[in-house]
Amino acid sequence: MWQGIDGHDSVVEHFRQSVSHNRLASSYLFLGPAGVGKRLFAGQLAQSLLCGSQAPQQLAAPCDSCESCRLHAVGNHPDVDVVSLPAGKRKLPIKLFVGDQAHRHQEGLCHNVSLRPMLGKRRVAIIDDADHLTTESSNSLLKTLEEPPPGAVLILIGTSRARQLPTIVSRTQVIRFEPLAPEIVRNLLLQKEIVAEPADAERLASISGGSMERASELADAQLGQWWERLLPQLTTSRFDSRRLTTDLTEFVNQAGEEAKAGEEANDRRRRLRLVFQLAGGHFRQALFAGCGARPPRSLAGLPPAEPSTAETALAAIDCCLEAEIALDRYANQATLLECWLDDLADILVAGSPSDRALKRR
Ligand SMILES: [Zn+2]
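Model, not experiment: these values are computed from the prediction.

A separate point is the domain arrangement of the protein. Here the protein is partitioned into domain 1 (9-176) and domain 2 (220-360). Its C-alpha centre places domain 1 at a distance of 34 Å from the equivalent point of domain 2.

This is how it looks when you write it as structure tokens:
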């Protein structure tokens, strides 16, 4: 329906209905795993809402030829504001919303969105990386969310509800984005020429968990090989945490060596996150296998997991989730990896977390 938007027909339909019934909300919170197309969708929605060729109360595909669409295509639309995490930063600073100290309330997203639209009937503001809003930044947004300028649409993009502040969730309409079906990931990998061979696309799609971001990361041949080597080690009950610590440390550090200058820590963190997520996906699959249930679509492509008791699988899933959360708190990565593997070893060998692990939580 919209060019480049795959796998989210129900969300497109939701917005078409909202526009045709004149019930478009002023603030949306897009939630869903990384790499499923939320940002792309927000961009397309903005373009469609602003397109000069749209009939009133209709949300069709943008025309791509009017002045509004042309400005949007080059990222220079005067009625669209986008904020995202600045390079090398871990939080969305308040100045992006209300200007710096010297220009408070004279600059920033909240100021811009309150101005009269330059081209059309409304302004659209997109806040990417909403997972990284500080309390101060989100407080600066509350007034705009509560009393939005007429016609304005704000779109916040995050991953999970747990990572949003309640003050934001309660003031926005939450739109969920599901993981992409493996066949969509496969087709996108070929279309975007990330891989050339259909067999490679198929394999990557099957371990992507429905995320193009993850599929693209795994397309790195070395990374794929590493993961195939590590997974059997991670998931056996004859768990050797010392050997795994050594192997995984090397695996994570390699990302740092290959990174562009200044990006080393980010690339290491991204790879460590991938490890926690892939391991978590594996244990979720083991949980389903243990209950004799079919795993959900997002896990369907992971290599089959041995059935596991619910207690063991749940404790292992928790352990991976907690490690991922700790990673966002910028815990020391080496210590985090070691603690995670120690906890996993206790869980997989003894069937439950040790007292030591419980105490640490
Ligand atoms: Zn247009």
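With that settled, consider unusual backbone geometry. Despite not being glycine, Asn22 shows a phi value in the positive range, around 60 degrees. Structurally, the position occupied by Asn22 is in the loop between helix H1 (9-20) and strand E1 (27-31). Residue Asp129 is not a glycine yet carries a positive backbone phi of 60 degrees. Mapped onto the elements, Asp129 comes out in the loop between strand E3 (124-127) and helix H6 (135-146). Accessibility expressed as a C-beta count within 10 Å gives 19 for Asp129, which makes it partly exposed.

Of all five residues that make up E1, five are buried, and the element is covered over most of its length. Burial along E1 is two-sided: the residues Ser27, Leu29 and Leu31 and Tyr28 and Phe30 are all buried. Where E1 lies against strand E4 (residues 153-158), five bridges are found, and the strand directions are parallel. Looking across to E4, one finds that Leu31 is bridged to Gly158.

Calculation criteria
Residues numbered from 1 in each chain as written. Predicted model: local features only at pLDDT ≥ 70, side-chain atom pairs only at ≥ 80, totals over all residues. Domains from an automatic or database assignment. Helix = DSSP H or I, 4+ residues; strand = E, 2+ residues; numbered from the N terminus. Buried ≥ 20, exposed ≤ 12 C-beta atoms within 10 Å, placed from the backbone. Pairing = 2+ DSSP bridges.

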